[in-house]
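This is what each chain is made of:
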Amino acid sequence: MLIVMNREATQKEIGAVLKRAEALGMTPHLVVGSERTAIGVTGDPRPVARDQFIQLPGVLDVVPITKPYKLASREFHPEDTQVQIGPIRVGGNQIVVMAGPCSVESRSQILETAHAVKEAGAHALRGGAFKPRTSPYSFQGMGVAGLELLAEARDETGLPIVTEVMSPSKVEIISRYADVLQIGARNMQNYALLHAVGESQQPVLLKRGMSATIDELLMAAEYVLSHGNRKVMLCERGIRTYETATRNTTDINAVPVLKNRTHLPVIMDPSHSTGHWEYVESIARASIAAGADGLIIEVHPSPNEAMSDGGQSLKPKRFAEMVKQVAAIAEAIGREMAPQPVLAAQPSR
Ligand code: PEP
Ligand code: MN
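Attention here is on the structure that accompanies the text. (Residues numbered from 1 in each chain as written. Chains lettered and ligands numbered in written order. Predicted model: local features only at pLDDT ≥ 70, side-chain atom pairs only at ≥ 80, totals over all residues. Heavy atoms only, no water.)

**Some details on the sheet that holds strand E2 (residues 27-32)**
Read across the open sheet, the four strands follow the order E2-E3-E1-E4; overall the sheet is antiparallel. Strands at the two margins of the open sheet, each flanked by one partner only, are E2 and strand E4 (59-63). For this sheet, the mean inter-axis angle between neighbouring strands, taken without regard to orientation, is 20°. Pairing of E2 with strand E3 (residues 37-42) involves six bridges; the strand directions are antiparallel. The residue bridging leucine 30 from the neighbouring strand is isoleucine 39, located in E3. (Pairing = 2+ DSSP bridges. Helix = DSSP H or I, 4+ residues; strand = E, 2+ residues; numbered from the N terminus. Axes fitted to C-alpha atoms, helices over the stretch in contact; angles between N-to-C directions.)

Put into structure tokens, the structure is as follows:
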């Protein structure tokens, strides 16, 4: 349930509500809005609990949260959540674009791509160092050496980095390098992993499982939130249907549905949702038109030579064109592109 405080409620009154929740064996979560403060309470939803709070000084109302996901719901947090990733803010009125190769393959590949996507208008660099591949015989990623290269690319461009984590034991090492921990589609319901990233304070990009419902995605987000990490972004990356013309089917409906049900930022991945570079620009435009807060796009300098997902990767020139188109759509719906990160001046030697 959500305990809504009066606009004028004092810190002491808010503190008394937190203490009462704890005394009742519940977990209070502070939600500081621009207008007023509220306290979400999870744990034992005993009916008597409402009476325990409604009489406390400073309390305006106590409302039940009807959805199974609590902390992820709009009822709990009516305002859009903004997630800070390095110098970039995701959520709110500005659109962000994350871009880079499916996998980090070499120093020259990641540095060249990082500079190219920055030049084209990207706000963050993606690249997998630990790769979840369908076949055990496919390239599995460069591992920690790939993380080192991503960090070098960030130093050169100022772009924060997004990279995948596949197991709880790797959360700590990947957090040392990454600005955003990506949870891949195949791991959306890996509860041990959700728990581990929930305990870290790193921003998380949680991808929808290829056969997960929207509510299951929100319940997966709830795991991360309930373990204390509020910095969660959701990613629609296409779902598996009977259609074979594309790798997955972009669930464009998921964008307005998610925006309606949750306060968390929504990012679209048209690369995986279509699986063909020819369709990426079109779905990128449609996603922003539908209300997505950002995009994650696979870009490779020579897609034909890519070690993974070359067929769905844009060349830098096309990517630059896509960013221009997306900016035009953003403007048409009263939004704008976020400013790009600026590179801190390097000390002269
Ligand atoms: C990826 O981002 O390269 C990836 C493996 O994505 P997904 O988990 O959505 O398949
Ligand atoms: Mn990929």
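Right, picking up where we left off after that structure.
**A closer look at helix H1 (residues 11-23)**
Turn by turn, an α-helix covers 3.6 residues, leaving residues three or four places apart pointing in a common direction. Compared with an ideal rise of 1.5 Å per residue, which puts 13 residues at 18 Å, H1 spans 18 Å between its outermost C-alpha atoms and is within 8% of the ideal. Those residues of H1 not exposed but buried are Ile14, Val17 and Ala21. Projected onto a plane normal to the axis of H1, the buried residues spread over an arc of 55° and lie on a single side. Structural note: H1 exposes Gln11, Lys12, Lys19, Glu22 and Ala23 on the side pointing more than 90 degrees away from its buried face. Where H1 terminates, the next one or two residues include glycine 25, which has phi positive at roughly 80°. (Expected span 1.5 Å × (residues − 1). Buried < 20%, exposed > 50% of the residue type's maximum accessible area, 1.4 Å probe, protein only. Arc of directions from axis to C-beta.)

**A closer look at the side chain of serine 73**
Here serine 73 lies in the loop between E4 and strand E5 (83-85). Of the residues examined, serine 73 reaches a relative accessible area of 1% and is grouped as buried. Apart from the residues within four sequence positions on either side, serine 73 is in contact with Ile65, Lys67, Arg261, Thr262 and His263. (Contact = heavy atoms within 4.5 Å.)

**So, the site of ligand 1**
Within the structure, ligand 1 sits among 13 residues, and Arg126, Gln182, Ala185, Arg186 and Arg237 are positioned closest to it. Note that an oxygen atom of ligand 1 is positioned 2.8 Å from one of the side-chain N or O atoms of arginine 126. For ligand 1, whose accessible area on its own is 300 Å², the fraction buried by protein is 97%. Across the shell around ligand 1, the residue classes tally to three nonpolar, three polar and seven charged. (Near = heavy atom within 4 Å. Polar contact = N/O pair within 3.5 Å; in protein donor to acceptor, adjacent residues only side chain to side chain. Areas by Shrake-Rupley, 256 points an atom, 1.4 Å probe, with all protein chains shown as cover. Nonpolar A, V, L, I, M, F, W, Y, C, P; charged D, E, K, R; others polar.)

**Observations regarding the coordination of the manganese ion (ligand 2)**
Distances from the manganese ion (ligand 2) to its protein donors, namely Cys102 (SG), His272 (NE2), Glu298 (OE) and Asp309 (OD), fall within the range 2.1 to 2.4 Å. Expressed as a motif, the donor residue spacing for the manganese ion (ligand 2) is C-x169-H-x25-E-x10-D. Separated by 26 residues along the polypeptide, histidine 272 in helix H9 (residues 270-274) and glutamate 298 in strand E14 (residues 294-298) bring together distant segments of the chain. You can call histidine 272 buried: its relative accessible area is 8%. Under the relative-accessibility criterion, glutamate 298 is labelled buried at 1%. (Donors = N, O, S within 2.8 Å, 3.2 Å for Na, K, Ca; no water.)

**A closer look at the pairing of strand E7 (residues 94-100)**
Judged by how many residues are buried, E7 sits mostly within the fold: six of seven residues are covered. Pairing of E7 with E14 involves five bridges; the strand directions are parallel. Within E14, the residue paired with alanine 99 across the bridge is isoleucine 297. Regarding the hand of the β-α-β motif, the stretch spanning E7, helix H3 (residues 107-120) and strand E8 (residues 124-126) is right-handed. (Right-handed = clockwise from strand over helix to strand, strands pointing away.)

**Focus: unusual backbone geometry**
The phi dihedral of aspartate 309 is positive, around 55°, even though this residue is not glycine. Here aspartate 309 lies in the loop between E14 and helix H11 (316-332).

**As for the packing of helix H7 (residues 214-226) against helix H8 (residues 254-261)**
Their axes nearest at 11 Å, the elements H7 and H8 cross at an angle of 45°. Considering their axes alone, H7 and H8 lie oblique with respect to each other. At the point where H7 passes H8, the crossing takes the right-handed sense. Residues Ile214, Asp215, Leu217 and Leu218 of H7 pack against Ala254, Val257, Leu258 and Arg261 of H8. For the contact of H7 with H8, the per-class residue count stands at six nonpolar, no polar and two charged. (Parallel < 35°, antiparallel > 145°, perpendicular 65-115°, else oblique. Left-handed = near helix turned anticlockwise from the far one by under 90°.)

**Details of the nonpolar core**
Counting 72 residues, the largest nonpolar core has Leu125, Val197, Leu206, Leu234, Ile297, Phe319 and Met322 as the members making the most contacts within it. With seven residues, H7 is the single largest residue contributor to this core. Apart from residues no more than four positions distant in its own chain, valine 197 is found in contact with Val165, Val171, Leu181, Ile183, Val204, Val224 and Asn229. Among the nonpolar cores identified, the runner-up in size contains 16 residues, and Met1, Leu24, Val41 and Ala49 belong to it. (Core = buried A, V, L, I, M, F, W, Y, C linked by side-chain atoms within 4.5 Å.)

**As for the packing of helix H10 (residues 277-290) against H11**
Relative to each other, H10 and H11 sit at 20°, their axes nearing to 9 Å. It follows from the interaxial angle that H10 and H11 lie roughly parallel. The interaxial crossing formed by H10 with H11 has right-handed handedness. Between H10 and H11, the residues in contact are Trp277, Glu281, Ala284, Arg285, Ile288 and Ala289 and Arg318, Glu321, Met322, Gln325, Val326, Ile329 and Ala330, respectively. In the contact of H10 with H11, the residues fall into eight nonpolar, one polar and four charged.

**Describing H3**
The terminal C-alpha atoms of H3 lie 20 Å apart, and with 14 residues this matches the ideal 20 Å at 1.5 Å per residue to within 8%. Along H3, the residues that are buried comprise Gln109, Ile110, Leu111, Thr113, Ala114, Val117, Lys118 and Ala120. Contacts from the buried residues of H3 go to E7, E8, helix H4 (144-157) and H11. Looking one or two residues past H3, glycine 121 carries a phi angle of roughly 115°, positive in sign.

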